[in-house]
Amino acid sequence: QVQLVESGGGLVQPGKSLRLSCVASGQFSRINAIGWYRQAPGKEREWVGIITSVGGTNYADSVKGRFTIDRDNAKNTVYLEMNSLKPEDTAVYYCNADVILRFGRRENYWGRGTLVTVSS
């Protein structure tokens, strides 16, 4: 019913920047919010940040001041702009959408993730 596709991951050097995208497709009435999560090797999945339907954002302390979430509602796309990247940012990054489907049904969906590797 709803598909989320993350893209933009890759290998980047410490101190550099990268922008990830999350595109939502399918049949839905609206997206209430999209959150970004990440999972580093051997660690639990960690919440990174969120953007709401009205554009409000919140971030984890570990990325606050370095990462920014923005959106393009016309394209059903949310971006995670990552600056001043550190090796500890290395992880698979996932987006998660809280959506309203046809007929008012509320559901939550995950993308399959995109790998970000921060290394010299």
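Computed from a predicted structure; not experimentally measured.

Q: Before we move on, could you go through the layout of surface pockets and cite the residues and values that matter?
A: Put simply, the largest pocket is a space of about 200 Å³. As for the largest pocket, its lining consists of 15 residues, of which I31, S53, R71, N73 and N76 are closest to the centre. Considering each element in turn, the lining of the largest pocket owes the most residues, 6 residues, to strand β4 (residues 28–39). Of the residues belonging to the lining of the largest pocket, the class tally is 6 nonpolar, 6 polar and 3 charged.

Q: Describe the side chain of R38, with residues and values.
A: For R38, the position within the fold is in strand β4. By relative accessible area, R38 is classed as buried at 6%. In this structure the side chain of R38 is engaged in a polar contact, spanning 2.9 Å, whose partner is the side chain of D89. Contacts of R38, omitting those with residues within four sequence positions, involve E44, R45, E46, V48, S62, V63, F67, E88, D89, A91, V92 and Y93.

Q: Quick one: what's the story with the sheet that holds strand β7 (residues 67–72), residue by residue and with numbers?
A: In any sheet, the strands associate via hydrogen bonds between backbone groups, in a parallel or an antiparallel arrangement. Spatial strand order, β1-β3-β8-β7: 4 strands in an open sheet with antiparallel pairing. Each edge of the sheet is formed by a strand with only one pairing partner; in this case those strands are β1 (2–7) and β7. Taken over all neighbouring pairs, the strand axes of this sheet differ in orientation by 15° on average, direction set aside. Bridging between β1 and strand β3 (residues 18–26) involves 6 bridges; their strand directions are antiparallel. Counted as the bridge partner of V5 is V23 from β3.

Q: Residue-level account of the pairing of strand β5 (residues 46–52), with values.
A: Two elements, β4 and β5, share 6 bridges in a ladder whose sense is antiparallel. Along β5, the bridge assignment pairs R38 with E46. Between β4 and β5, which pair antiparallel and follow one another directly, the connecting turn spans 6 residues, one of which, G42, has a positive phi of 75°. Between β5 and the antiparallel strand that follows it, strand β6 (residues 57–59), lie 4 residues; G55 among them carries a positive phi value of about 95°.

Q: Outline the side chain of D89, listing residues and values.
A: Relative to the helices and strands, D89 resides in the loop between β8 (77–82) and β9 (91–101). D89 gets classed as buried once you look at its relative accessible area, which sits at 0%. When near neighbours in sequence (up to four residues on either side) are disregarded, D89 contacts R38, R66, F67, S84, V116 and V118.

Q: Tell me what's going on with the nonpolar core, and back it up with residues and numbers.
A: Membership of the largest hydrophobic core comes to 31 residues, with the highest contact counts inside it found for W36, F67, L80, M82 and Y93. Those elements that place two or more of their residues in this core are β1, β3, β4, β5, β7, β8, β9 and β11 (114–118). Among the elements that line this core, the one with the most residues is β9, at 6 residues. The residues contacting L80, other than those within four sequence positions of it, are L18, R19, L20, W36, V48, F67, T68, I69 and Y93.

Cut-offs used in this document
- Residues numbered from 1 in each chain as written.
- Predicted model: local features only at pLDDT ≥ 70, side-chain atom pairs only at ≥ 80, totals over all residues.
- Heavy atoms only, no water.
- 1 Å grid on protein atoms, 1.4 Å probe; cavity = no way out; pocket = protein on both sides within 12 Å on 5 of 7 lines; lining within 4 Å.
- Points joined across faces, edges and corners; volume = space filled by probe spheres on them.
- Helix = DSSP H or I, 4+ residues; strand = E, 2+ residues; numbered from the N terminus.
- Nonpolar A, V, L, I, M, F, W, Y, C, P; charged D, E, K, R; others polar.
- Buried < 20%, exposed > 50% of the residue type's maximum accessible area, 1.4 Å probe, protein only.
- Polar contact = N/O pair within 3.5 Å; in protein donor to acceptor, adjacent residues only side chain to side chain.
- Contact = heavy atoms within 4.5 Å.
- Pairing = 2+ DSSP bridges.
- Axes fitted to C-alpha atoms, helices over the stretch in contact; angles between N-to-C directions.
- Core = buried A, V, L, I, M, F, W, Y, C linked by side-chain atoms within 4.5 Å.

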